Amino acid sequence: MILSLETSCDEVSAALVDSDFLVKKNIIFSSAAKANETGGVVPELAAREAANMIEEVLEVTLSGMDWNDIKAVAVTTEPGLMGSLLTGIESAKTISWIQKKPLLSVHHIFGHICANLLCSQKNLYRGLPKFPALVLTVSGGHNDIYCWKSPLEYKRIGHTLDDAAGECFDKCARMLGLGYPGGPHLSKCAVNGSAERFSFPRPLKHSGDFNFSFSGLKTALLYKLQDLGGEENIDDQTRADLAAGIESAIVEVLLHKLMKAQEKYSAKELHITGGVSANRLLRKHFEEQSIEKNLAYRIPEKMEYCTDNGAMIGAAAQLIGQYGDLD
Ligand code: KG4
Ligand code: ZN
């Protein structure tokens, strides 16, 4: 098993993952409730929460475990908020030194890519994908398409030119007077709405490449709200219709690009991962379109593997340990 730590943003998480990517423990503490009060992540507060919570998260993760069963310690080293990252990095270094276990450094995005290897029970073992696989990693900080060519080889083929889809969800939710993180709140509100009532742009949909742009969507929402006399003057149905319009525009562009990329790269498998892969509409259309193309597809088995978590870092570390050139 590998003990893995993830503290790159406002989650403090530690996990134990075995060589079949079976998750033995995945303890996640989120300071999202604090971020709800402040309307977003405040790096200084997130760093303080990480420093406060890491000991408890590690204690719960390691309770009942035998150090002889843990062969390495892994930690997210980039990218992320420096104050939060340092808590994980220094903790992992200390454990590795005291317990004399090798220390593995994991890139946060490679962790998200590997979230689709994780399984919560032995009989749900998923193994490696058929390569090349295309992975849409979509969260608050990232919005990319990767071509995953072999266990440790992944190349970015598309990215956002401005906001990530999760960031767009968060900002639009705030403009609609909904809570943080905005994605789940906006999506819940959209359930009762009609996506047809308001028309929103589909940014870069036909640009011919695999890049994205979502900042224009929030501006479009701002103008619609101004025309309606401001957020405080709209009724619940209008709020739901606006939310549905935004959600449907984001999902349509994300999947259009992924499916176009599949054709260009002759991908044998499609994956979605990252916080936004928890989105119900994205999952539904992703499944439908993958089945239509007769392609294997994966969505993280559990919601907790979508957003930031230690287990995905453990899965990535297992690949690095099994296929990497470690000295
Ligand atoms: O991967 P993650 O935990 O952190 C980053 O690396 O950014 O993703 C968090 C993002 C937030 O922007 C949040 O609004 C979004 O994922 N998100 C969702 C949903 N659940 C989380 N977006 C849309 N629908 C959801 N159900
Ligand atoms: Zn993330």
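Residues numbered from 1 in each chain as written. Chains lettered and ligands numbered in written order. Predicted model: local features only at pLDDT ≥ 70, side-chain atom pairs only at ≥ 80, totals over all residues. Heavy atoms only, no water.

A. Spotlight on the packing of aromatic side chains. Considering all chains together, one arrives at 6 aromatic pairs under this definition. Relative to Tyr154, the ring of Phe110 has its centre 4.7 Å away and its plane inclined at 0°; by these criteria the two rings are stacked. Note that Phe110 is positioned in helix 4 (residues 108–114) and Tyr154 in strand 8 (residues 153–158), a separation of 44 residues in sequence. Residue Phe110 is classed as buried on the basis of its relative accessible area of 3%. With a relative accessible area of 28%, Tyr154 lands in the partly exposed category. Aromatic ring contacts, followed pair by pair, group Phe110, Tyr146 and Tyr154 into a single cluster. The lysine or arginine in question, Lys224, covers the ring of Phe200, its NZ or CZ lying 5.0 Å from the ring centre. (Phe/Tyr/Trp six-rings, centres within 6.5 Å; stacked < 30°, edge-to-face > 60°. Helix = DSSP H or I, 4+ residues; strand = E, 2+ residues; numbered from the N terminus. Buried < 20%, exposed > 50% of the residue type's maximum accessible area, 1.4 Å probe, protein only. Lys NZ or Arg CZ within 6 Å of the ring centre and 35° of its normal.)

B. Representation of the sheet that holds strand 9 (residues 269–273) in the model. With mixed pairing, 5 strands are arranged side by side in an open sheet as 8-7-6-9-10. The open sheet has two edge strands with one neighbour each: strand 8 and strand 10 (296–298). If you compare each strand with its neighbour and ignore which way they point, the axes differ by 20° on average. Alignment of strand 9 against strand 10, held across 3 bridges, turns out to be parallel. Bridge pairing links His271 to Arg298 in strand 10. Contacting strand 6 (133–138), strand 7 (143–150), strand 8 and strand 9, helix 8 (residues 236–265) runs over the sheet at an angle of about 155° to strand 6. (Pairing = 2+ DSSP bridges. Axes fitted to C-alpha atoms, helices over the stretch in contact; angles between N-to-C directions. Contact = heavy atoms within 4.5 Å.)

C. Broad picture of the coordination of the zinc ion (ligand 2). Distances from the zinc ion (ligand 2) to its protein donors, namely His108 (NE2), His112 (NE2) and Asp308 (OD), fall within the range 2.0 to 2.2 Å. Viewed at the metal, the 4 donor atoms of the zinc ion (ligand 2) are separated by angles of 94 to 144°, and the geometry they form is irregular. Between consecutive donor residues of the zinc ion (ligand 2), the sequence gaps follow H-x3-H-x195-D. Residue His108 and its partner His112 are both found in helix 4; the two are separated by 4 residues, about one turn of the helix. Residue classification places His108 among the buried positions, given a relative accessible area of 3%. (Donors = N, O, S within 2.8 Å, 3.2 Å for Na, K, Ca; no water. Tetrahedral: all angles 85-135°; square planar, octahedral: opposite > 155°, others 65-115°.)

D. Spotlight on the state of the cysteines. What the rule picks out here adds up to 0 disulfides. Cys119 takes part in no disulfide bond, and the closest cysteine sulfur, belonging to Cys114, lies 13 Å away. (Disulfide = S-S within 2.5 Å.)

E. Seen up close, the site of ligand 1. Near ligand 1, the surroundings consist of 19 residues, among which Gly140, Asp170, Gly183, Asn279 and Asp308 are the closest. A distance of 3.4 Å is found between an oxygen atom of ligand 1 and a side-chain nitrogen or oxygen belonging to His112. Contact between ligand 1 and Gly183: an oxygen atom at 3.0 Å from a main-chain N or O atom of the residue. Protein burial of ligand 1: of its 560 Å² of free accessible surface, 89% is covered by the chains. (Near = heavy atom within 4 Å. Polar contact = N/O pair within 3.5 Å; in protein donor to acceptor, adjacent residues only side chain to side chain. Areas by Shrake-Rupley, 256 points an atom, 1.4 Å probe, with all protein chains shown as cover.)

F. Geometry of unusual backbone geometry. With an omega of -20°, the peptide bond between Glu78 and Pro79 qualifies as cis. The residue Pro79 is located in the loop between strand 4 (72–78) and helix 3 (82–99) in this model. Of the consecutive residues Phe131 and Pro132, the connecting peptide bond is found in the cis state with omega at -5°. The phi torsion at Ser266 lies on the positive side, around 45°, for a residue other than glycine. Relative to the helices and strands, Ser266 is located in the loop between helix 8 and strand 9. The phi torsion at Asn294 lies on the positive side, around 60°, for a residue other than glycine.

G. Broad picture of the environment of Glu37. Residue position: Glu37 is located in helix 1 (residues 32–38). Judged by relative accessible area, which is 68%, Glu37 ranks as exposed. Spatially, the C-alpha atoms of Glu37 and Val253 are 31 Å apart, while their sequence positions differ by 216 residues.

H. Local environment of the sheet that holds strand 2 (residues 11–17). Strand order in the open sheet made by the 5 strands is 3-2-1-4-5, with mixed pairing throughout. Across the chains shown, the open sheet's two edge strands, defined by having one partner strand only, are strand 3 (23–30) and strand 5 (103–107). For this sheet, the mean inter-axis angle between neighbouring strands, taken without regard to orientation, is 20°. In terms of strand pairing, strand 4 meets strand 5 through 5 bridges, oriented parallel. Within strand 5, the position partnered with Val75 by the bridge is Ser105.

I. Quick peek at the side chain of Ser84. Take Ser84: it is sitting in helix 3. Not counting the four nearest positions on each side in its chain, Ser84 is found in contact with Thr7, Ser8, Cys9, Ala46, Ala47 and Ala50.

J. Inspection of the environment of Arg48 at higher detail. Here Arg48 shows up in helix 2 (residues 43–62). Separated by 35 residues in the primary sequence, Arg48 and Gly83 place their C-alpha atoms 8.0 Å from one another. In this structure the side chain of Arg48 is engaged in a polar contact, spanning 2.7 Å, whose partner is the side chain of Glu44.

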